Amino acid sequence: MLLLIVAAPVLLAIITLIKPHRVINDSALLVGAGIIALFSIGIWCGIFSPAGPRWLDNYFRLDAIGLLFLLIMAVVFLSAAIYSVYYHREQKTSPRRHSFYAASMLLFVAAMIGVILSNHLALLWVFIEATTLTSAVLINFEQKKSALEAAWKYIFICSVGIALAFVGIIILSMGAKSIGSLFFHDLYAGASQINPFWLKMSFAFILVGFGTKIGVAPIHAWLPDAHSEAPSPVSALLSGTLLNTAFLGLIRVQEILIQANLSSFSNSLIRFIGFLSLFISAVFMTNSKNYKRMLAYSSIENMGILFIGLTMGKTGLFAAMLHTGAHSFAKSALFLTSGNILHLTRSKEIAQVRGLLRREPLTGWLWIVAILVIAGLPPFPTFLSKFLLIKAFFESGMGWLVVPFFLFVLIVIFGMMRAAVSMVFADPDSHSHPTSPRLSFLAYLPQILLLVFLLSFGAAIPDKLVQLLSEAAKFLQ
Amino acid sequence: MTDILIILFGTLMLYVFAASRIEAFIKTLSLQGLILFFLVVTDIRDMNWINSAFLVLETLVVKAIAIPWFLLRTIRRNEIGREVEPYISQFYSLMIASAIFIFAFVAAFWAARVEGDIKPLYFGVSISMIIASLFLIVTRKRIITHILCFMMLENGIFLLSLSVANEMPMLVNLGVLLDLFVAVFLLVIFFNKIQSLYDGSHIDVLTQLKD
């Protein structure tokens, strides 16, 4: 089954490249997303076995935390695939470019699946770099000057960052000579034999490298540009899945340090970067003039929250796992809705978008509800995750951290709400945009699905999900 | 023999700092690839044949021939002016390069004393190469030089990985090479697009996106 999940997107990508046809492209994306969703849910429910073929078993494995990230990715990819159908109709993309888009997206997803399943540190690195390469062409898909600039910054900054992570991996293998392998299970088992000096140094490099991909401050420079210039379904995938998968890579490395009893060193670094990200996003959020960039800064903030959760013991990690899913769903819904807004107003400026509720009520409602989710209002899982995180602060004896945490999060929420309220509720200036065309139902369907998921999980989290989350959180011991 | 090769490798880096022509830079990259090839060959007894064949292919074919040829073709096609155009003068560049060398070697010898089983020369040259490429990226105006510096960074990392006797599995080696190749290919494609969309190939033209 594992082999199928990895191979299906690659095969579909080849098919779209061989036969560039609108229907084939659309269905390749939908079928690919469907296969991944079906099989990851099947594995979750125990219908399929998570084991791969024997010869791949060392390289690719699916554990509980991987399954959680795979499920999140499946849902986000499915919604991006549905929205892409609408996007290409609206943009009237030529079949050839459309097939290029579909193939790149499928390969991008395949690379992310590779990251999730990798059981070898250097192989994980290979797949993270592959996600950079496949998504860079997607960011430049609209081929405008600004998109080209964003794609260049993205591919260059991330490639250099990831190269530094490779330096970290080499340093780690210097320190782990007695183990003689970079398979995660060997590294975990022999963590106490790794020379602590080299391990610490390699962690610093890997943190910078993977941190660049995760998009945490101060190495986030590419993120607002790339997220704002990419086509909306691509932005949704970038924010909802790419950042997560790189974060999973960091979690796997962090486990080595925990096994080697060096977690106090890594925790202090990760926590510092987490709070720095909160601070940076709070500063930039309040004066952001472009709503897609605003969402991108919110992604930096949420990655900061995940970083902080990672350092706060079991409860913190449980909160981080819950938050990962909730953030991915909500942020994807927001980015897809931003595609609607962009279609209606032809502008990414917050000041140019007014009175969405009157002009296009459904888009307006989707926007405001999704903003409330990301802000962490009570019925939604984001509230629960932030609440649990604060509980984790007190449990780990660092209750005073609540003060800066609250302060930064409040500033971010204030910035987002201020922009959202003016976009949704203010009176539209009727002369500039007289009428709004009605959008196809495909432009609403994925967001509605994502928000329904969030609402139902927030109202009553199913036991099976809690079980998966706590199993995932057990990964770090 | 190995030591002489590594010293030559390091000297080439100093030459890059002093060189003012882009073509010279690319030829240096190719020479570095060749030196890496010789380093692999002198070291070949300890490896199994698949790995050594692969490393020979990677250094000789990809690093010494294919990528430099591809880059050279790009600059000739685009008729880019020949100067690298640094932000700071050649003299200060060289001073800083020396400082990087000193720092890297102090760090390498110190690490060798703490650790014992690392080779200070390998370690010092590769670390200084990595730091120096990052420094060059920051101080050069032309976008094409950024790609060249990225290649130099990769060469430094390759040297560092050679100093680890520990072999990576074949699958990983293949993946790393494929990533590198596609990365350079894409960077050049994007570079060509920037050339055609903007007038001028300075990094300063890319300042449209900001808050």
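Just so we're clear, the structure is a prediction, and the values are computed from it rather than from any experiment.

Peer 1: What is the right way to read the overall build of chain A from this model?
Peer 2: Helix and strand counts for chain A come out as 19 helices and 0 strands. What you see for chain A is a C-alpha radius of gyration of 21 Å, in line with the 23 Å of a compact globule of 477 residues. Across its three principal axes, chain A shows a C-alpha extent of roughly 70 × 55 × 45 Å. When the 477 residues of chain A are sorted by exposure, 66% land in the buried category. When contacts within chain A are restricted to residue pairs at least 6 apart in sequence, long-range pairs at least 24 apart make up 82% of them. As displayed, chain A has an accessible area near 15600 Å², and 69% of this comes from carbon and sulfur atoms. Mean positive and mean negative side-chain charge positions of chain A (32 and 19 charges, respectively) differ by 3 Å.

Peer 1: What exactly am I supposed to notice about the overall build of chain B here?
Peer 2: Regarding its fold elements, chain B presents 7 helices and 0 strands. Its helices and strands taken in sequence order, chain B reads α-α-α-α-α-α-α from the N to the C terminus. Taking 17 Å as the expected radius of gyration for a compact globule of 211 residues, we find that chain B reaches 18 Å, a close match to that expectation. Taking the principal axes of its C-alpha atoms as reference, chain B extends roughly 50 × 35 × 35 Å. Every one of the 211 residues in chain B was classed for burial, and the buried ones make up 54%. Within chain B, counting contacts between residues at least 6 apart in sequence, those at least 24 apart form 79% of the total. When the accessible surface of chain B is split by element, carbon and sulfur atoms take 68% of a total near 9500 Å².

Peer 1: What is the right way to look at the packing of helix α11 (residues 263–286) of chain A against helix α12 (residues 291–310) of chain A in this model?
Peer 2: Any two packed helices are characterised by how steeply their axes cross, that is the angle between the axes, and by the distance between the axes. All names here are of chain A. Where α11 contacts α12, the two axes come as close as 8 Å, and the packing angle between them is 155°. As far as their axial angle goes, α12 and α11 are roughly antiparallel. Regarding α11 and α12, the two cross each other, and that crossing is left-handed. Along its contact with α11, which presents Asn267, Ile270, Ile273, Gly274, Phe275, Ser277, Leu278, Ser281, Phe284 and Met285, the element α12 presents Met294, Tyr297, Ser298, Ile300, Glu301, Gly304, Ile305, Phe307, Ile308 and Leu310. For the contact of α11 with α12, the residue count by class is 13 nonpolar, 6 polar and 1 charged.

Peer 1: Explain unusual backbone geometry here, please?
Peer 2: It is generally the case that most residues other than glycine have a negative phi and that most peptide bonds are trans. Residues and elements named next belong to chain A. Cis geometry marks the peptide bond from alanine 217 to proline 218, where omega comes out at 0°. Residue position: proline 218 is located in the loop between α8 (196–214) and α9 (222–229). Look at lysine 92: it is not a glycine, yet its phi comes out positive at around 55°. Note that lysine 92 resides in the loop between α3 (64–91) and α4 (95–117). For glutamine 143, which is not glycine, the phi torsion reads 55° and is therefore positive. Within the element layout of this structure, glutamine 143 appears in the loop between α5 (121–139) and α6 (145–175). Relative accessible area serves as the criterion here: at 42%, glutamine 143 is assigned to the partly exposed category.

Peer 1: When you look at the environment of tryptophan 69 of chain B in this model, what are you seeing that I'm missing?
Peer 2: The residue tryptophan 69 of chain B is located in helix α3 (residues 49–78) in this model. For the pair formed by tryptophan 69 of chain B and glutamine 195 of chain B, sequence separation is 126 residues and the distance between their alpha carbons is 19 Å.

Peer 1: Is there a simple way to explain the pattern of salt bridges in this structure?
Peer 2: Side-chain pairing between opposite charges can occur once the charged atoms of the two side chains come close. All names here are of chain A. Scanning the model with the defined rule gives 11 salt bridges over all chains in all. In this structure, the salt-bridge partner of lysine 348 is glutamate 229, at a minimum N-O distance of 3.5 Å. Here lysine 348, found in the loop between α13 (313–345) and α14 (356–359), pairs with glutamate 229, found in helix α9; they are 119 residues apart in sequence, far enough to count as distant. According to the relative accessible area criterion, lysine 348 is buried, its value standing at 14%. Because the salt bridges share partners, they merge into one network encompassing Glu149, Lys153, Asp225 and Arg293.

Peer 1: It is not clear to me how the side chain of serine 128 of chain B should be interpreted in this structure. Could you clarify?
Peer 2: Residue placement: serine 128 of chain B occurs in helix α5 (residues 120–139). Those residues within four positions of serine 128 of chain B in sequence are excluded, and the remaining contacts are Met13, Ile100, Phe101 and Ala104 of chain B.

Peer 1: Just checking my understanding: could you explain the packing of aromatic side chains for this structure?
Peer 2: Aromatic ring pairs are defined here through the distance separating the ring centres and the angle between the ring planes. Inspection of every chain in the model, using the stated rule, returns 30 aromatic pairs over all chains. Three or more aromatic residues joined by ring pairs make a cluster, and in this case those are Phe197 and Trp198 of chain A together with Trp110 and Phe123 of chain B. Directly above the aromatic system of phenylalanine 141 of chain A lies the positively charged group of arginine 97 of chain A, at a separation of 4.3 Å from the ring centroid. It is lysine 200 of chain A that lies over the ring of phenylalanine 265 of chain A; its NZ or CZ is 5.4 Å from the centre.

Peer 1: Sorry if this is basic, but what is going on with the interface of chain B and chain A here?
Peer 2: Size of an interface: often given as the accessible area lost when the parts come together. Contacts between the two partners involve 45 residues from chain B, matched on the other side by 48 residues from chain A. Contact between chain B and chain A buries roughly 4200 Å² in total, counting both sides, with carbon and sulfur atoms accounting for 76%. Of all residues in chain B, Phe190, Leu209 and Asp211 of chain B bury the most surface against chain A, accounting for 17% of the area lost on that side. The interface formed by chain B and chain A contains 0 salt bridges. Joining chain B to chain A, the criterion identifies 3 residue pairs in polar contact (both at pLDDT 80 or more).

Peer 1: Can you help me understand the packing of α9 of chain A against helix α10 (residues 232–259) of chain A in this one?
Peer 2: All names here are of chain A. Look at α9 against α10: their axes get within 7 Å of each other, and the N-to-C directions meet at 135°. It follows that α9 is oblique to α10 by the angle criterion. Residues Trp222, Leu223, Ala226 and His227 of α9 touch α10, and the partners they reach there are Ser235, Leu238, Ser239, Leu242 and Leu243. Tallied by class, the residues present in the contact of α9 with α10 amount to 6 nonpolar, 3 polar and no charged.

What counts, and at which threshold
- Residues numbered from 1 in each chain as written.
- Chains lettered and ligands numbered in written order.
- Predicted model: local features only at pLDDT ≥ 70, side-chain atom pairs only at ≥ 80, totals over all residues.
- Heavy atoms only, no water.
- Helix = DSSP H or I, 4+ residues; strand = E, 2+ residues; numbered from the N terminus.
- Rg over C-alpha atoms; globule rule 2.2 N^0.38 Å.
- Buried < 20%, exposed > 50% of the residue type's maximum accessible area, 1.4 Å probe, protein only.
- Contact = heavy atoms within 4.5 Å.
- Areas by Shrake-Rupley, 256 points an atom, 1.4 Å probe, with all protein chains shown as cover.
- Lys, Arg positive; Asp, Glu negative; His and termini not counted.
- Charge placed at Lys NZ, Arg CZ, Asp CG, Glu CD.
- Axes fitted to C-alpha atoms, helices over the stretch in contact; angles between N-to-C directions.
- Parallel < 35°, antiparallel > 145°, perpendicular 65-115°, else oblique.
- Left-handed = near helix turned anticlockwise from the far one by under 90°.
- Nonpolar A, V, L, I, M, F, W, Y, C, P; charged D, E, K, R; others polar.
- Salt bridge = Lys/Arg side-chain N within 4 Å of Asp/Glu carboxyl O.
- Phe/Tyr/Trp six-rings, centres within 6.5 Å; stacked < 30°, edge-to-face > 60°.
- Lys NZ or Arg CZ within 6 Å of the ring centre and 35° of its normal.
- Buried area = accessible area lost by both parts, 1.4 Å probe.
- Polar contact = N/O pair within 3.5 Å; in protein donor to acceptor, adjacent residues only side chain to side chain.

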